[in-house]
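Structure assessment
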Amino acid sequence: HQEEAVVFKTRWSLSYLRGPLSRQELKQLKKIAGKSAVSAHANEKAAELPSSADEAKSTAAGGSETETKVSGKKRPILAPEISQRFASIGREFPPAAEFVYKPMIFASAQLRFSDTKSGLEFQKVQNLLCLIKSEANPLKWEKSFATKFGAESLQENPADGIEFSALPPEAAEAANYKIWLKDLNDYLLANEKLELFRCPLSGIYSKAQETEREFRIRLMQANREKRDSLLAELSKKYSDKLAALDEKLARAQTQLEREIADARNLQMESAIDVGASIFQAFVGRKVLSSGKIRSASSAARKVGKLSRQQADVDTAQESVEKLEQKIALMQAEFDAEMKQLQAKLDPTVQILDSIFVPLKKTNIKVTQFYLCWAPCVRQADGRITAAW
């Protein structure tokens, strides 16, 4: 029962929404959310400039005498502390085009990025335009956009024949510009980052504003030198091992040839002794003379020796085959490591690390900060679009 409205806050709030939702209702909500997202994305750029209806409301709101300095049509009279500049029309328009100045904030800042690990020292100039709206928060730097023109392109006087849009009352107060300048510094500190690429293998960093494609092309030469060095080390590692195995194989092959030659000699001697014993057995007069017995014994010993020699040949042959298998396996291992190393050093497929260098507060210097009147053109359908 108060005589006037009283604003109060509650700790708890109650929800009067019906719940829980069914699956069909959830699907309908997803469709609505999807349409809203598409519509918001489509109108994102258009929202940077007020519509003709908004402009009409702002102009109509400035009808009283106390608000004439921020009303539309004519250039408003502002305090000398508020620096003003005027952007130029940036392209050709039909003679009947209708132009209007929109109030914005133009800011030019020098940004310096420094990183000791990558050896980065880079400076750039960031020029921003931000529309001033008649809202509780008239200036939102997150809605600003970079401009192609700099402070040197701005004019100190307006062009003839262009009317002025209504200036929000907040833009007529010089104290607000200090607040907006501080907000700009906070915005740049939070959002301006410089992305670098790093090759994990070589440890090379990309240069400032160097694209990934340009960095990969530059890596080709550096990786080629690194690849040649690593391939030389790999070849030396395996060449020593392969040379040792080749030496063992040569000795084993020599031993095999010697064993084969000895086996052939024994085979021939055994054949001669056996044949001589058989011949003496048929032509001799005595059935079992001492000479026949010695001849038969010698032939039998040589047959046994031949059998042992053949076993030595098989052993030598097995040693040669094992060494040949070791050499083949080592060669395949060398080829596989070679291919793996070449693929690892290929800059076209190499995985790069992304590193973001943050901006330090001491490395932000806003050099120009103006109330900028930006020329816009009124379209046939009433829309207002940029003309700078």
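These figures come from a predicted structure and were not determined experimentally.

A word on helix α3 (residues 174-191)
In this model, α3 (18 residues) spans 26 Å end to end at C-alpha, consistent with the 26 Å of a helix rising 1.5 Å per residue. Among all positions of α3, only Asn176, Tyr177, Trp180, Leu184 and Leu188 are buried. One side of α3 carries all its buried residues, which in axial view fall inside an arc of 115 degrees. Turned more than 90 degrees from where α3 packs its buried face, Ala175, Lys178 and Lys182 sit exposed. If you follow the buried residues of α3, they end up packed against β2 (98-115), β3 (120-131) and β8 (364-378).

Structural notes on the confidence of the model for the protein chain
Chain-level statistics for the protein chain give a pLDDT mean of 78 and a share of 72% at 70 or above. When mean pLDDT is compared element by element in the protein chain, strand β1 (residues 84-86) scores highest at 96, while helix α2 (residues 52-61) scores lowest at 34. Here residues 36-47 is modelled with pLDDT under 50, and outside its nearest four sequence neighbours on either side it reaches one contact, counting other chains as well. Note that residues 50-71 has pLDDT below 50 and, in this model, 26 contacts with residues that lie over four places away or in other chains.

Re the state of the cysteines
Under the criterion given, the structure shown has zero disulfides. The cysteine cysteine 372 is free of any disulfide, with cysteine 376 supplying the nearest cysteine sulfur at 10.0 Å.

Comments concerning the pairing of β8
Summarising the sheet, β1 and β8 pair through three bridges and their orientation is parallel. Following the sheet pairing, arginine 85 is matched in β8 by cysteine 372. Looking at chain direction, β2 and β8 are connected through 14 bridges and run antiparallel. Note on β8: the bridge partner recorded for tyrosine 101 is proline 375. Summarising the sheet, β8 and strand β9 (residues 384-386) pair through three bridges and their orientation is antiparallel. Across the sheet, cysteine 376 pairs through a bridge with alanine 386, a residue of β9. From the end of β8 to the start of β9, which pair antiparallel, there are five residues, and glycine 382 there has a positive phi angle of about 95 degrees.

Regarding the environment of glutamate 81
With respect to the helices and strands, the residue glutamate 81 is situated in the loop between α2 and β1. The spacing of glutamate 81 and glutamate 173 is 92 residues in sequence and 9.4 Å in space, taken between C-alpha atoms.

A closer look at the side chain of glutamate 192
Here glutamate 192 is to be found in the loop between α3 and β6 (193-198). Under the relative-accessibility criterion, glutamate 192 is labelled buried at 12%. Setting aside residues no more than four positions away along its own chain, glutamate 192 makes contact with Leu111, Phe113, Lys124, Gln126, Tyr187 and Leu359.

Details of the nonpolar core
Core analysis: the biggest nonpolar cluster contains 36 residues, and Ile105, Phe113, Trp141, Tyr177, Trp180, Phe369 and Leu371 have the highest contact counts within it. Looking at this core, the elements that each hand over two or more residues are β2, β3, α3, β6 and β8. With residues near it in sequence (within four places) discarded, tryptophan 141 still touches Ile105, Ala107, Leu128, Cys130, Trp180, Asp183, Leu184, Tyr187 and Phe369. By size, the runner-up hydrophobic cluster in this structure holds 19 residues, among which are Leu234, Leu242, Ala252 and Ile327.

With respect to the packing of aromatic side chains
Here a ring pair, both rings aromatic, is described through the centre-centre distance and the interplanar angle of the planes. Within this structure, the stated rule accounts for 10 aromatic pairs. Measuring from ring centre to ring centre gives 6.3 Å for tryptophan 141 and phenylalanine 369, while their planes differ by 50 degrees; the resulting arrangement is tilted. Of this pair, tryptophan 141 sits in the loop between β3 and β4 (145-146) while phenylalanine 369 sits in strand β8; the two residues are 228 residues apart in sequence, bridging distant segments of the chain. In this structure phenylalanine 369 comes out as buried when scored by relative accessible area, which is 17%. Taking 4.9 Å as the distance between ring centres and 80 degrees as the angle between the ring planes, the aromatic pair formed by phenylalanine 164 and tryptophan 373 counts as edge-to-face. Taken as a pair, phenylalanine 164 in strand β5 (residues 163-164) and tryptophan 373 in strand β8 lie far apart in primary sequence, 209 residues in all. For the pair shown, phenylalanine 164 and tryptophan 373 are each scored as buried. Over the ring of tyrosine 370 we find arginine 85; its NZ or CZ atom is 4.3 Å from the centre of that ring. When the ring centre of tyrosine 238 is taken as origin, the NZ or CZ atom of lysine 241, which lies over that ring, is 5.8 Å away.

Definitions and cut-offs
Here, residues in each chain are numbered from 1, in the same order as that chain's written sequence. Local features in this predicted model are restricted to residues whose pLDDT is 70 or higher, and side-chain atom pairs enter the listing and the counts only when it is 80 or higher, whereas totals over whole chains, interfaces and linings include all residues. The side-chain quantities take in all heavy atoms of the structure and omit both hydrogens and water. Put simply, DSSP marks the helices as runs of H or I at least four residues long and the strands as runs of E at least two long, and each gets a number from the N terminus on. Under the convention used throughout, the expected extent of a helix is 1.5 Å for every residue step, that is, one less than its residue count. The cut-offs for exposure are 20% and 50% of the maximum accessible area for each residue type, with area from a 1.4 Å probe on protein chains only; residues under the lower value are buried, those over the upper are exposed, and the others partly exposed. In this context, the arc is that of the directions from the helix axis out to the C-beta atoms. Any two residues whose heavy atoms approach within 4.5 Å are treated as being in contact. In predicted models, pLDDT denotes the confidence assigned by the predictor to each residue on a 0 to 100 scale. Put simply, a disulfide is two cysteine sulfurs that come within 2.5 Å. The pairing criterion for strands is at least two bridges between them, as found by DSSP. Residues enter a nonpolar core if they are buried and are Ala, Val, Leu, Ile, Met, Phe, Trp, Tyr or Cys, with the set joined through side-chain atoms within 4.5 Å. Only centres within 6.5 Å qualify two rings of Phe, Tyr or Trp (six-membered ring in Trp) as a pair; their planes then separate them into stacked at under 30 degrees, edge-to-face at over 60, and tilted for everything else. Both a distance and an angle decide whether a charge sits over a ring: NZ of Lys or CZ of Arg must be within 6 Å of the ring centre and within 35 degrees of the ring normal.

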